[in-house]
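# Understanding the architecture of this molecule
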Amino acid sequence: MSLFVNVTLNGLANGMIFAALALALVLIFRATRIVNFAQGAMGMMTTFIASSLLGRGVGYWWAFLAVLVIGFVLGALVERVLIRPLQGKSELNPVIVTIGLLVVLEGLAGTIYGNSSRGFPAAYSQSGLTVGHTKIAFSHFDVFILVAVLVLMTGTLVLFRATSLGLRMRASAFAGEISRLLGVRVGVLLTLGWALAGVAGSLSGLLVAPTSSFGPYFMDLVLVYAFTAAVIGGLESPVGALIGGLITGLSISYVGGYLGSGLQPLGALVLLMVALMARPEGIFARPPARRV
Amino acid sequence: MSAPSTLSERDGRTLRVDELRVGFGGVVALDRISMSATQGEIVGVIGPNGAGKTTLFNVICGFVRADSGVITYDGSSLLEHHHAHDLTELGIARTLQGVGLFAGLSVLENVMIGAQNGLRSDFGSAMLGLWRSSREERRLASRAGELLEELGVSAYARHFPATLPYSIQKRTALARALIAQPSLLLLDEPASGLSNDEMDELGTLIRGLSPRMGVLLVEHHMDLVMAVCDRIVVLNFGQVIADGTPESVQSNPEVATAYLGDEVHDSVTTSGMSENA
């Protein structure tokens, strides 16, 4: 029973991190129909920048905040410099560019910081909380993960559902040309979508790094899990990203807890296949577009 | 060809199209056409399928590039702006063939998005949810609600377009164009799919828009065009073959020939054109 509880709690924390990166994928896909395979690597790069800042004596929370801002700028730059020029060309081009960016960023990180793993501090203690007389596999840092991702998700939902800026972003995602006709500056909103995805990606990097082998490739597997989460959620819904993240996190945690951690990546791929076969449009897919 | 106008251009803002040519590969869609529409004037643009009516709208909106010629609105060149999002700043709004509503937005949101150009809250306040942005939201929602009320579709404000009858969707699309308070409204086949009663209501509505704005109306339903338009421009194979009052266009033999062919135009010019050419 305690194994089940601990595995569940572990899956919950991991699932929230996958949800954050899945949200980054969703923000980009819903606006530009591109899966950004470099999203994890961008989070990796900003986490290395955080590590450098911490190494130079910058306080944790200042470094945390700075890296979210850097993620915002990096996301915007990638859209404007690498993705925007490919508008109107083959759909395969931006996919190849994001894969290329993934390789370049990992190579760059390896060159600058080295390929070996290193430690990264957590915002709070990682030792398990004590409930009654029992220590559970859920730490103060896990609580922080939960809160941070929920704040990110809530902020995204409020932006989309309760502001005119969010209304414009949703309209642009549904039909860019019609939005332009109505005076919406779609290009700016696409950049903003990538920038917000950059923030979500940076946050996921900061949350994963303390609990993993922090190095140039530490986000690769997280991207696979996040992609699985995003597909389960429908690739276009922030709420779907959250639910998909939790389903993925819990599933691979159960696989790791009961079958062995080596089978977790395989478990994620099986989950992805099952999701694609059972409900290829995802749980929270938006209504199909109408011809205009 | 110089474009006559029933209103003095000094009375309002004027759309002027001069020697406009548009080609798609080897096909000439618009062949050096000239025309105008002034604020307060309802101008019909008619012609057989493929005559170039929607292409004309698409060039005005910046969706299609012109090979040569000039389009100005209130003195500003539309071809130089060439961004669709600049149109609303110039006071031009357009409805689309079909309805072109956002399937994932409610009817109210679909109308609200039409007024984005008039928003005064900036990016920062929207991101931070500051009171100025919230006030803009309420103002926008209120204006959208009033328009839906005027058009008789306020009961559907929270519905999604795909669940509603076509006529409701059409009115929503019209409300979305009107909320921007344009001085020139481009209506692309607004009567398609409407019943006769609904078409009568639409005609009354369009007449009511003048003199607040100019209306450029592309439409196949001749009863509606003849009833509401001050002036009609007839296109055929990308050329203007007639430009004048409904009566003069109706009795123009070249127009009847364009619609129905040489063999039958004589009988048509005496009995009026087909209702649904």
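Parameters at a glance
- Residues numbered from 1 in each chain as written.
- Chains lettered and ligands numbered in written order.
- Predicted model: local features only at pLDDT ≥ 70, side-chain atom pairs only at ≥ 80, totals over all residues.
- Helix = DSSP H or I, 4+ residues; strand = E, 2+ residues; numbered from the N terminus.
- Rg over C-alpha atoms; globule rule 2.2 N^0.38 Å.
- Buried ≥ 20, exposed ≤ 12 C-beta atoms within 10 Å, placed from the backbone.
- Contact = placed C-beta atoms within 7 Å.
- Pairing = 2+ DSSP bridges.
- Right-handed = clockwise from strand over helix to strand, strands pointing away.
- Axes fitted to C-alpha atoms, helices over the stretch in contact; angles between N-to-C directions.
- Expected span 1.5 Å × (residues − 1).
- Arc of directions from axis to C-beta.
- pLDDT = per-residue confidence, 0-100.
- Parallel < 35°, antiparallel > 145°, perpendicular 65-115°, else oblique.
- Left-handed = near helix turned anticlockwise from the far one by under 90°.
- Nonpolar A, V, L, I, M, F, W, Y, C, P; charged D, E, K, R; others polar.

Here the focus is the overall build of chain A. Each helix and strand in chain A was counted, giving 11 helices and two strands. The globule rule puts the C-alpha radius of gyration for 292 residues at 19 Å, and the 19 Å found for chain A is close to it. Taking the principal axes of the C-alpha coordinates as reference, chain A spans close to 65 × 45 × 35 Å. Per-residue burial for chain A yields a buried fraction of 50% across its 292 residues.

Attention now goes to the overall build of chain B. Scanning chain B from terminus to terminus reveals 12 helices and 10 strands. Here chain B holds 277 residues, and 46% of them are scored as buried. Summarising the internal contacts of chain B: among those between residues at least 6 apart in sequence, 66% fall at separations of at least 24.

Moving on: the pairing of strand 7 (residues 184–188) of chain B. A regular strand carries its side chains on alternate faces of the sheet. All names here are of chain B. Of all five residues in strand 7, five are buried, a share of seventy percent or more. Judged by which residues are buried, strand 7 turns out to be covered on both faces: Leu184, Leu186 and Asp188 on one side and Leu185 and Leu187 on the other are all buried. Inspection of the sheet shows strand 6 (residues 92–94) paired to strand 7 by three bridges, in the parallel sense. If you follow Ile92 over to strand 7, its bridge partner there is Leu184. In this region the chain leaves strand 7, passes through helix 8 (residues 196–209) and returns to the parallel neighbour strand 8 (residues 214–218); the handedness of that crossover is right-handed.

Turning our attention to the sheet that holds strand 6 of chain B. Within a sheet, each strand pairs with its neighbour through backbone hydrogen bonds, oriented either parallel or antiparallel. Residues and elements named next belong to chain B. Taken in spatial order, the six strands make up an open sheet running 6-7-8-3-9-10, and their pairing is mixed. Two strands lie at the open edges of the sheet, namely strand 6 and strand 10 (239–244), each paired on one side alone. Sheet twist, expressed as the mean angle between neighbouring strand axes with direction ignored, is 15 degrees. Strand direction decides the pairing type here: strand 7 and strand 8, joined by five bridges, are parallel. Within strand 8, the residue paired with Leu186 across the bridge is Leu216.

Residues and elements named next belong to chain B. Across the sheet, four strands lie side by side as 2-1-4-5; this open sheet has antiparallel pairing. Two strands in the sheet have a free side with no partner beyond their single neighbour: strand 2 (27–38) and strand 5 (76–77). As paired elements, strand 4 (residues 68–73) and strand 5 share two bridges and run antiparallel to each other. Residue pairing across strands places Thr72 opposite Ser77, the latter belonging to strand 5.

Residues and elements named next belong to chain B. Here strand 1 (residues 14–24) pairs with strand 2 via eight bridges, running antiparallel. Paired with Arg16 across the bridge in strand 2 is Ser36. Hairpin connection, strand 1 to strand 2: the antiparallel pair is bridged by two residues, and Gly25 has positive phi, about 65 degrees.

Turning to helix 4 (residues 92–113) of chain A, a few remarks are in order. All names here are of chain A. End to end, helix 4 covers 32 Å across 22 residues, agreeing with the expected 32 Å (1.5 Å per residue, within 8%). Residues Pro94, Thr98, Leu101, Leu102, Leu105, Glu106 and Ala109 constitute the buried set of helix 4. Taken down its axis, helix 4 places every buried residue within 125 degrees of arc, on the same side. Opposite the packed face of helix 4, turned more than 90 degrees from it, sit the exposed residues Leu92, Ile96, Val103 and Thr111. Buried residues along helix 4 sit in contact with helix 2 (39–55) and helix 3 (60–83). Two residues or fewer past helix 4, Gly114 is found with a positive phi of approximately 90 degrees.

What follows deals with the confidence of the model for chain B. Predicted coordinates in areas of low pLDDT are best not read in detail. All names here are of chain B. Per-residue pLDDT for chain B averages 83, and the proportion of residues at 70 or more is 82%. Looking at the elements of chain B, mean pLDDT is at its lowest for helix 12 (residues 265–271), recorded as 49, and at its highest for strand 3 (residues 42–46), recorded as 95. Across residues 268–277, confidence stays below pLDDT 50; counting only partners more than four residues off in sequence or on other chains, it has 22 contacts. Across the interfaces of the predicted complex, the ipTM metric reaches 0.76, alongside a pTM of 0.82.

A few words now on the environment of Val199(A). All names here are of chain A. With respect to the secondary-structure elements, Val199 resides in helix 8 (residues 186–208). Sequence spacing of Val199 and Ala38 is 161 residues, and the spatial spacing of their C-alpha atoms is 14 Å. Ignoring any residue separated from it by four or fewer positions in sequence, one finds Val199 in contact with Leu68, Gly71 and Phe72.

Before going further, it helps to spend a moment on helix 2 of chain A. All names here are of chain A. Over its 17 residues, helix 2 extends 24 Å from the first C-alpha to the last, a length consistent with the 24 Å expected when each residue adds 1.5 Å. The element helix 2 is largely enclosed, with a buried count of 13 among its 17 residues. One or two positions beyond helix 2, positive phi appears at Gly57, with a value near 90 degrees.

The subject of this paragraph is unusual backbone geometry. Residue and element names in this part refer to chain B. Even without glycine at this site, Glu19 takes up a positive phi of about 55 degrees. Considering the arrangement of structural elements, one finds Glu19 in strand 1. For Glu19, a count of 13 C-beta atoms within 10 Å gives the class partly exposed. Positive phi outside glycine occurs at Gln181, with the angle close to 50 degrees. Here Gln181 shows up in the loop between helix 7 (166–178) and strand 7. Accessibility expressed as a C-beta count within 10 Å gives 16 for Gln181, which makes it partly exposed.

Moving on, we get to the packing of helix 1 (residues 2–32) of chain A against helix 5 (residues 140–162) of chain A. All names here are of chain A. Interaxial distance between helix 1 and helix 5 falls to 9 Å at its minimum, and their mutual angle equals 30 degrees. Comparing the axis directions of helix 1 and helix 5 gives the class roughly parallel. Here the hand of the crossing between helix 1 and helix 5 comes out left-handed. On the side of helix 1, the interface is formed by Ala13, Met16, Ile17, Ala19, Ala20 and Leu23, while helix 5 contributes Asp142, Ile145, Leu146, Val149, Leu152, Met153 and Thr156. Across the contact of helix 1 with helix 5, the residue classes tally to 11 nonpolar, one polar and one charged.

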